[in-house]
Amino acid sequence: MAHAAMKHFSTLLLVLNFCMYLVALGICAWAVNIAIDYYAFDVIIEPGSDFPPHLSPLYFPMGNAATGLFVVFALIAGAVGAGSAFAGFNHIRHWNADSLQPAASVAAIAWILTLLAMGFGCKEIELRTMRNGCLKTLESFMIILGATQLMYMGAIHGASSIRGPSLLEG
């Protein structure tokens, strides 16, 4: 009974995380597109002149000083998190010890990257400058994903401890 409940709970969290990571990827792609369009004009840098600061890949025309790092790490966390969902779907399908190890390890990597992006998002909130709604949504998603990814990892590990010796029999 508890075994089936944990499997359903894990599936629910996995689908929720996958959808949220895809939305976060879409928002990050939008932000990167805006940044590329902002300085896509032809710039000729003469020898001996200074490099324009707005040509940095971490400079974003919206947000504040933390926006560039936040968007870059959120993009990486979103890609790894969405990719970890595939290992998670494989684990949900097989639901044995052999599929638990890759699902748990990739989920842990995605969670760590999400926490890193969440930290830059919190710094962006702390700086209290004007941000648009998409960046606020991305910040919120990274904070929520930090919690739901941790709950997902706990659910798949909790289900493995419920099964006991049958986990080793494979």
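Everything quoted here is computed from the prediction, not taken from an experiment. (Residues numbered from 1 in each chain as written. Predicted model: local features only at pLDDT ≥ 70, side-chain atom pairs only at ≥ 80, totals over all residues. Heavy atoms only, no water.)

Focus: the environment of Gly 119
Next up, step 1: Within the secondary structure, Gly 119 is located in helix H3 (residues 97–126).
Next up, step 2: Its relative accessible area of 39% is what places Gly 119 among the partly exposed residues.
Next up, step 3: With 20 residues separating them in the primary sequence, Gly 119 and Glu 139 have C-alpha atoms 9.5 Å apart. (Helix = DSSP H or I, 4+ residues; strand = E, 2+ residues; numbered from the N terminus. Buried < 20%, exposed > 50% of the residue type's maximum accessible area, 1.4 Å probe, protein only.)

Re the confidence of the model for the protein
Next up, step 1: Mean pLDDT for the protein: 85, with 82% of residues reaching 70 or above.
Next up, step 2: For the stretch residues 164–170, pLDDT sits under 50, and the model shows 3 contacts to residues farther than four places along the chain or on other chains. (pLDDT = per-residue confidence, 0-100. Contact = heavy atoms within 4.5 Å.)

Details of the packing of helix H2 (residues 67–94) against H3
When two helices pack together, their arrangement is captured by the angle between the axes and the distance separating the axes.
Next up, step 1: Where H2 meets H3, the closest approach of the two axes is 8 Å, and the angle between their N-to-C directions is 160°. Between H2 and H3, the crossing angle belongs to the class labelled roughly antiparallel. For the element pair H2 and H3, the recorded crossing hand is left-handed.
Next up, step 2: Across the contact of H2 with H3, the residue classes break down as 19 nonpolar, 10 polar and 1 charged. (Axes fitted to C-alpha atoms, helices over the stretch in contact; angles between N-to-C directions. Parallel < 35°, antiparallel > 145°, perpendicular 65-115°, else oblique. Left-handed = near helix turned anticlockwise from the far one by under 90°. Nonpolar A, V, L, I, M, F, W, Y, C, P; charged D, E, K, R; others polar.)

What to know about the UniProt feature "transmembrane region" (unreviewed entry) in the protein
Next up, step 1: This chain's UniProt record puts "transmembrane region" (unreviewed entry) on residues 12–32, 65–88 and 100–120.
Next up, step 2: End C-alpha to end C-alpha, residues 65–88 measures 35 Å, and it is 92% helix and 0% strand.
Next up, step 3: When the span residues 100–120 is considered, its composition is 100% helix and 0% strand, and the gap between its end C-alpha atoms is 30 Å. (UniProt positions renumbered as here; feature names shortened; annotations may be inferred.)

Overview of the side chain of Glu 139
Next up, step 1: Positionally, Glu 139 belongs in helix H4 (residues 133–163).
Next up, step 2: Aside from chain neighbours lying at most four places away, what touches Glu 139 is Phe 70, Gly 121, Glu 124, Ile 125 and Arg 131.

Regarding the packing of aromatic side chains
Next up, step 1: According to the stated counting rule, one finds 3 aromatic pairs in the structure shown.
Next up, step 2: Seen from their ring centres, Phe 18 and Phe 86 are 5.8 Å apart, and the 70° between their planes marks the pair as edge-to-face. In this pair, Phe 18 sits in helix H1 (residues 2–38) while Phe 86 sits in helix H2, placing the two residues 68 residues apart along the sequence.
Next up, step 3: Ring centres of Phe 18 and Phe 89 lie 5.9 Å apart, and the angle between their planes is 75°; on these two criteria the pair is classed as edge-to-face. One end of the pair, Phe 18, is in helix H1; the other, Phe 89, is in helix H2, and 71 residues separate them in sequence.
Next up, step 4: Phe 18 sits in the buried class, given a relative accessible area of 19%.
Next up, step 5: Given the relative accessible area of 33%, Phe 89 is considered partly exposed.
Next up, step 6: Here the aromatic residues Phe 18, Phe 86 and Phe 89 are joined through ring pairs into a cluster of three or more. (Phe/Tyr/Trp six-rings, centres within 6.5 Å; stacked < 30°, edge-to-face > 60°.)

Let's talk about H2
Next up, step 1: The terminal C-alpha atoms of H2, which comprises 28 residues, lie 40 Å apart, in line with the 40 Å expected from a rise of 1.5 Å per residue.
Next up, step 2: Just downstream of H2 lies Trp 95, where phi reads positive at about 55°. (Expected span 1.5 Å × (residues − 1).)

Looking at the nonpolar core
Next up, step 1: Formed by 37 residues in total, the largest nonpolar core has its most connected members in Phe 60, Phe 70, Val 71, Ala 74, Leu 138, Met 142 and Tyr 152.
Next up, step 2: Contributing elements (two or more residues each) for this core: H1, H2, H3 and H4.
Next up, step 3: Excluding residues that lie within four positions of it along the chain, Met 142 makes contacts with Ala 24, Phe 70, Ala 74, Thr 114, Ala 117 and Met 118. (Core = buried A, V, L, I, M, F, W, Y, C linked by side-chain atoms within 4.5 Å.)

Things to note about H3
Next up, step 1: The end-to-end C-alpha separation of H3 is 42 Å, in line with the 44 Å expected for 30 residues at 1.5 Å each.
Next up, step 2: Those residues of H3 that fall on the buried side of the exposure criterion are Ala 97, Ser 99, Leu 100, Ala 103, Ala 104, Ala 107, Ala 110, Leu 113, Thr 114, Ala 117, Gly 121 and Glu 124.
Next up, step 3: Among the residues of H3, the N-terminal cap falls to Asn 96, whose side-chain oxygen and the backbone nitrogen of Asp 98 are separated by 3.2 Å.
Next up, step 4: Backbone geometry just downstream of H3 places Arg 128 in the positive-phi region, at approximately 55°. (Polar contact = N/O pair within 3.5 Å; in protein donor to acceptor, adjacent residues only side chain to side chain.)

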